[in-house]
Amino acid sequence: MRPRIGYKKLAAVGVAAVVGVASTIALTSGSASASPVFGYSGYAYGTDVQSGLANSGPQVISKFGCTTDANKADKNDIATANVNGQAIARSVKTDTHSFNNASGTGVTSNAVAADIRVGNLLTLTGVKTTTTSKYSKGQLSYTGSTTFAGVRIGAVTVPSLLNPKPNTKVAVPGLGYIVLNRVGGVKTASGMYSYAQAVVLHATVKNQYIPQGVDVAVLKTRAEISKPATALVIGSAYGTKAWADKLVVSDATSLQTTCQGTEGKTVRVAVGELNIPKVAYVGGVYTTKNGAIGEGKSYINFTSHVAGVKVGSLSIGAIESSASAWKTKDGKAGVSSSSTIASIRVGGKSYAVPTGENKTLDIPGVARLTFNQVMRQKRYIEVNALVVDVYSLNTKVVVAHSAAGVVS
């Protein structure tokens, strides 16, 4: 069982398994004539708060980022998944795995729950959701579905919703409305991703369970497969992530990852202000990614932007980072990174921001700060603009993370 995590929102496009402050990515080098490779990524969540200020975020997470491993898998389970102090989903299990068999090669993500409840307003039992993205015989395809053993809205049982059509919208008095079996797939020149969500709760009226204006996805899954390519692009960007005693207390905010790039378009993911309970207050966060894979060149750029962070008496101004990687068909490749921090203050005292890589600053009794923390591997680079080790809380907060690499 994994620890419960809490923050406001995660809008992800694929999810990387980032472990520790400086994660290790295994890269397989290859020549310009190396065999084409596939890229796999996927995730499954128990619950995910998608809008509004709430001390909650993705819970019961199974995930892996861009990998060429056709036998990659992750799973998780927990007794309850809470939103705003309410036990929304019970006996939740998630799993995601890649495969390469007679049916093709791809990714499947699953999530199940014994029941989903919003007080006496909504009860869903025996909930199962799944999605698969697959490449077979030169073709991309996807499937996705959700089923229920029981559906009750208020005191009314609704058997017609046990196997709902995709994207079925239903009014829930006292809450707002729900969308059941939200499914879809997006095909690009580089590959495909699919998604399935058992139910999305839209709290449009004031109630005692979910703050008005908040959307919550319950049992949320995603699966992604890239077409075979000479090189895949990998990496990630997020605004903040926090650990206490090596346990995650707030997972990656505004997280973006990739296997396929973006066909040269810039993709932006943003959240508003963020509260990491008992740890930090974070201003607005957004991340971007831009890249493509192709026969001549593959490239990727990630950026992370945080309006500011407050940890106790420590106040830090705007924080940014970026990471880029590229590779051409003749085997030439390169990586680069950068980071900036606007200001540092403790009470009424200002501190200069050190320049260079992996610089530190100790503020007695407050925190140890690490600036422009960089890790390099062949054809991969990772940068954390700031790492805050809070003495009194035995807590580590990573701010403005960007990473980029190419795999062939």
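Here the structure is a predicted model, which means the values were calculated and not measured.

**Some remarks on the overall build of the protein**
Of regular secondary structure, the protein possesses 0 helices and 31 strands. Out of the 408 residues in the protein, the part that is buried amounts to 55%. When contacts within the protein are restricted to residue pairs at least 6 apart in sequence, long-range pairs at least 24 apart make up 60% of them.

**Re the nonpolar core**
Side chains of nonpolar character tend, in soluble globular proteins, to be buried together. Judged by nonpolar contacts, the single largest core of 36 residues is most densely connected at I116, L124, I178, L201, I210, V218 and L219. Counting residues in each nonpolar core, the second largest holds 30 residues, with V271, V282, A385 and V399 among its members.

**A closer look at unusual backbone geometry**
The phi dihedral of N181 falls on the positive side, at around 55°, and the residue is not glycine. On the secondary structure map, N181 appears in strand 11 (residues 176-187). The class of N181 is buried, set by a relative accessible area of 4%. Phi at E263 is positive, roughly 60°, even though this residue is not glycine. Mapped onto the secondary structure, E263 falls in the loop between strand 16 (256-257) and strand 17 (267-271).

**A few points about the environment of D69**
Among the structural elements, D69 can be located in the loop between strand 2 (62-67) and strand 3 (73-83). As for D69 and Y40, which are separated by 29 residues in sequence, their C-alpha atoms are 7.4 Å apart. Apart from residues lying up to four places away in sequence, D69 is in contact with Y40 and S98.

**A short note on the pattern of salt bridges**
Pairs can form between side chains of opposite charge once their charged atoms are near each other. Within this structure, the stated rule accounts for 7 salt bridges. In this structure, D115 engages R90 in a salt bridge whose closest nitrogen and oxygen atoms are separated by 3.1 Å. Of this pair, D115 sits in strand 5 (residues 104-118) while R90 is found in strand 4 (residues 86-101), placing the two residues 25 residues apart along the sequence. Ionic pairing is found between K396 and D389, a salt bridge with its closest N-O pair at 2.6 Å. Bridged by salt links that share partners, the residues R90, D115 and R117 form one connected network.

**A short note on the sheet that holds strand 13 (residues 215-226)**
Two pairing modes exist for strands in a sheet, parallel and antiparallel, and in both the strands are linked by backbone hydrogen bonds. Taken in spatial order, the 6 strands of this open sheet run 2-1-13-12-11-10, and their pairing is antiparallel. Here the strands that pair on one side only, and so sit at the sheet edges, are strand 2 and strand 10 (168-172). Across the sheet, the axes of successive neighbouring strands diverge by a mean angle of 10°, strand direction being ignored. Where strand 11 and strand 12 (residues 191-203) come together, 11 bridges link them in antiparallel fashion. The residue bridging L180 from the neighbouring strand is V199, located in strand 12.

**What to know about the side chain of H401**
Positionally, H401 belongs in strand 31 (residues 395-407). Among the polar contacts made by the side chain of H401, one reaches the side chain of N384 at a distance of 2.9 Å. In this structure, H401 is in contact with S236, A237, Y238, S304, S321, E382, V383 and N384, ignoring residues within four places of it in sequence.

**A few points about the sheet that holds strand 26 (residues 344-346)**
Strand order in the open sheet made by the 6 strands is 18-19-22-23-26-27, with antiparallel pairing throughout. Each of the sheet's edge strands pairs with one partner strand only, and the pair in question is strand 18 (274-276) and strand 27 (349-351). Between one strand axis and the next, the sheet turns by 15° as a mean value, whatever way the strands run. Across 3 bridges, strand 22 (residues 309-311) lies against strand 23 (residues 314-316) in antiparallel orientation.

**Side note on the side chain of N207**
Structurally, N207 is set in the loop between strand 12 and strand 13. Engagement of the side chain of N207 in a polar contact is seen with the backbone oxygen of V205, the distance being 3.1 Å. At 2.8 Å, the side chain of N207 and the backbone nitrogen of I210 are in polar contact.

**Details of the packing of aromatic side chains**
Enumeration over the complete set of coordinates arrives at 2 aromatic pairs. Seen from their ring centres, F38 and Y135 are 5.3 Å apart, and the 55° between their planes marks the pair as tilted. Here F38 is found in the segment before strand 1 (40-49), whereas its partner Y135 is found in strand 6 (residues 122-136), with 97 residues between them in sequence. Ring geometry for Y43 against Y45: centres 4.4 Å apart, planes inclined by 10°, an arrangement best described as stacked. Relative accessible area serves as the criterion here: at 1%, Y45 is assigned to the buried category. In this arrangement the basic side chain of K169 is found over the ring face of Y177, its NZ or CZ atom lying 4.4 Å from the centre. Above the ring of Y286, the side-chain terminus of R268 is found at 4.0 Å from the ring centroid.

Cut-off values and rules
Residues numbered from 1 in each chain as written. Predicted model: local features only at pLDDT ≥ 70, side-chain atom pairs only at ≥ 80, totals over all residues. Heavy atoms only, no water. Helix = DSSP H or I, 4+ residues; strand = E, 2+ residues; numbered from the N terminus. Buried < 20%, exposed > 50% of the residue type's maximum accessible area, 1.4 Å probe, protein only. Contact = heavy atoms within 4.5 Å. Core = buried A, V, L, I, M, F, W, Y, C linked by side-chain atoms within 4.5 Å. Salt bridge = Lys/Arg side-chain N within 4 Å of Asp/Glu carboxyl O. Pairing = 2+ DSSP bridges. Axes fitted to C-alpha atoms, helices over the stretch in contact; angles between N-to-C directions. Polar contact = N/O pair within 3.5 Å; in protein donor to acceptor, adjacent residues only side chain to side chain. Phe/Tyr/Trp six-rings, centres within 6.5 Å; stacked < 30°, edge-to-face > 60°. Lys NZ or Arg CZ within 6 Å of the ring centre and 35° of its normal.

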